[in-house]
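Tertiary structure, described
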Amino acid sequence: MKYDMYNEVLEQPKSLKKTLNEEESHMKEIAEKINGMDRIYLVGCGSSLSTCYSARDAIGFLSDMNIEVHTGYEFVHHKNLQKSNSVLILTSQSGETADTLAALRKAQENGIYTISITNEPESSMNKESDDSVLTRCGRETAILGTKTYMTQLLCLYEILFSIEGSAEAEKILNDLKQIPSIIEELIKSTEEENRILAKKYKDEDIFYCMGSGPNFGLAYKVAMTMLMEGALKHACPLYSGEFRHGLIERAEKNVPIIFLDAGFPGDELTSKSIEFSNEIGAKTITFNMNDYSNIHPLLAPFILIIPIEWFIYYLSHYNGEDPGSTRHIGKVRY
Ligand SMILES: N[C@@H]1[C@@H](O)[C@H](O)[C@@H](COP(=O)(O)O)O[C@@H]1O
């Protein structure tokens, strides 16, 4: 049995290449236009919020750019908005999520420049924002987001690292171009081992998921949309540094914990948490960047998501669920 998510996983390299080919120069123009603005707001919901977290935490390693991340309605209710010389970048696969659309309209009422990154050319966000970038994925149906996750992340990295402009940022932008071919191979090479892993964990009810730097955004996505929406498991994301401020008290024998590790300074705490969890007999599942690629570690979310997609796909399958379906929420409107 193959669910829609299967083909959408396979389509990721093509979607990335197409988005880069058709939007790269446009994104460079956007970077030039917003370079020097006092504040950049990044807003999205669910999977689209996770890309904002990752992009903010990745650029934060290189730059002192003033970036804030909000969910749609948190932005709408925020009293202390910087109205002049600021920009709102919205991420939304559908371009219709009510929360994110409300943020767009609030920004426009307040004179904030708006840029949307969506996958739907006819969407309200694409039409109403001052500028817009289209991810070129074709229609995505699996609720948890695969190719639109990848391409949104690509667009945010492309814009923010182009603004940053240092030699290291250039290196990251160059490495970004290698992502489609790297993940093409990973899609093939990681399916079987993660199918087996999923079979082993299929009866677990709850998963904690942690990472540092841009891998926190990935942990958020894995917990919120992949485990909860996709595999219908309880899940909780956290920064690795927060392990000893709460989870340590519930990290017991046999509790599954997913660790995302890319060797960031904050991953010193990921390693300590893994060590502790192993000692007490928790079920540790580690996805380590070194096992998959040697490109710039700040690109870890693009790489680590691939084995995780297969893990989630088969976790759902072994529980008789379509990973792309939802019980309560429509893909576009709710
Ligand atoms: N259940 C969906 C999520 O899977 C999705 O990530 C989010 C944002 O959707 P969009 O990216 O279309 O704005 O909306 C809903 O909550």
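Residues numbered from 1 in each chain as written. Predicted model: local features only at pLDDT ≥ 70, side-chain atom pairs only at ≥ 80, totals over all residues. Heavy atoms only, no water.

Taking an unreviewed UniProt entry as the reference, the protein chain is identified by name as SIS domain-containing protein belonging to Methanobacterium spitsbergense.

1. Some thoughts on the overall build of the protein chain
Note the threshold: Going along the chain from the N terminus, every DSSP run of H or I of four or more residues is numbered as a helix, and every run of E of two or more is numbered as a strand. Radius of gyration: over C-alpha atoms. The globule rule applied is 2.2 Å multiplied by the number of residues raised to the 0.38 power. The cut-offs for exposure are 20% and 50% of the maximum accessible area for each residue type, with area from a 1.4 Å probe on protein chains only; residues under the lower value are buried, those over the upper are exposed, and the others partly exposed. Contact criterion: two residues are considered in contact whenever any of their non-hydrogen atoms come within 4.5 Å of each other.
Each helix and strand in the protein chain was counted, giving twelve helices and nine strands. Its C-alpha atoms give the protein chain a radius of gyration of 19 Å, within 12% of the compact-globule value 20 Å for 334 residues. Seen through its principal axes, the protein chain has C-alpha atoms that stretch 55 × 40 × 40 Å. Counting across all 334 residues of the protein chain, residues that qualify as buried make up 59%. For the protein chain, contacts bridging at least 24 residues in sequence account for 78% of all contacts bridging at least 6.

2. Re the sheet that holds strand S2 (residues 67-70)
Put simply, the rule reads: Strands are treated as partners if at least two bridges between them are detected by DSSP. Only the stretch in contact is used when fitting a helix axis, every axis being a line fitted to C-alpha atoms; angles between N-to-C directions are given from 0 to 180 degrees.
Taken in spatial order, the five strands line up as S2-S1-S3-S4-S5 in an open sheet, and their pairing is parallel. Each edge of the sheet is formed by a strand with only one pairing partner; in this case those strands are S2 and strand S5 (131-134). Strand-to-strand twist across the sheet, computed as the mean angle between neighbouring axes with direction ignored, equals 20 degrees. Pairing of strand S3 (residues 86-92) with strand S4 (residues 113-118), which is carried by six bridges, proceeds in the parallel orientation. Looking across to S4, one finds that Val 87 is bridged to Tyr 113. Along the sheet, helix H2 (residues 12-34) makes contact with S3, S4 and S5, crossing S5 at roughly 150 degrees. Against the sheet, helix H3 (residues 47-59) contacts strand S1 (39-43), S2 and S3, and its axis sits at roughly 160 degrees relative to S2.

3. Structural notes on the UniProt feature "domain: SIS" (unreviewed entry) in the protein chain
Threshold: UniProt positions are given in the numbering used here, feature names are shortened, and annotations may be inferred rather than shown by experiment.
The UniProt record annotates "domain: SIS" (unreviewed entry) at residues 30-171. With 44% helix and 18% strand, the stretch residues 30-171 has end C-alpha atoms that lie 20 Å from each other.

4. Some points on the pattern of salt bridges
To keep things clear, this is the line we draw: Basic side-chain nitrogens of Lys or Arg form a salt bridge, by our definition, when they fall within 4 Å of a carboxyl oxygen of Asp or Glu.
Under the defined criterion, the tally for this structure stands at 18 salt bridges. As a salt-bridge pair, Glu 120 and Arg 139 come within 2.8 Å of each other at their nearest N and O atoms. On the criterion of sequence distance, the pair formed by Glu 120 in the loop between S4 and helix H6 (124-128) and Arg 139 in the loop between S5 and helix H7 (147-164) is long-range, its members being 19 residues apart. Judged by its relative accessible area of 59%, Arg 139 is exposed. With a shortest N-O distance of 4.0 Å, Glu 268 and Lys 272 are connected by a salt bridge. Here Glu 268 and its partner Lys 272 are both found in helix H11 (residues 267-280), four residues apart, which amounts to about one turn of the helix. One salt-bridge network, held together by shared partners, links Lys 18, Glu 22, Glu 23 and Arg 136.

5. What to know about the domain arrangement of the protein chain
The figure often quoted for interface size is the accessible area lost as the parts come together. Rules: As used throughout, domain bounds are those supplied by an automatic or database domain assignment. Note on terms: buried area is the combined drop in 1.4 Å-probe accessible area of two parts once they are placed together, counting the loss on both. Under the rule applied, a polar contact is a pair of N or O atoms within 3.5 Å (in protein, one hydrogen donor and one hydrogen acceptor; residues adjacent in sequence only if both atoms are side-chain atoms). For this classification, Asp, Glu, Lys and Arg are treated as charged, while Ala, Val, Leu, Ile, Met, Phe, Trp, Tyr, Cys and Pro are nonpolar and the rest, including Gly, are polar.
Here the protein chain is partitioned into domain 1 (4-183) and domain 2 (202-318). Averaged C-alpha coordinates put domain 1 and domain 2 at centres separated by 24 Å. Opposite the 35 residues of domain 1 that make contact, domain 2 presents 29 residues. For the pairing of domain 1 and domain 2, the buried interface totals around 2,700 Å² over both sides, and the portion due to carbon and sulfur atoms is 75%. In terms of surface lost to domain 2, no three residues of domain 1 exceed Tyr 6, Phe 61 and Leu 144, which account for 19% of the buried area on that side. Linking domain 1 with domain 2 are eleven residue pairs in polar contact (both at pLDDT 80 or more). Among the elements of the structure, helix H1 (4-10), H3, H7 and helix H8 (167-189) are those that each provide at least two residues to the side of domain 1 that touches domain 2. For the side of domain 1 that touches domain 2, the leading source of residues is H8, giving nine residues. Broken down by class, the residue content of the side of domain 1 that touches domain 2 amounts to 22 nonpolar, eight polar and five charged.

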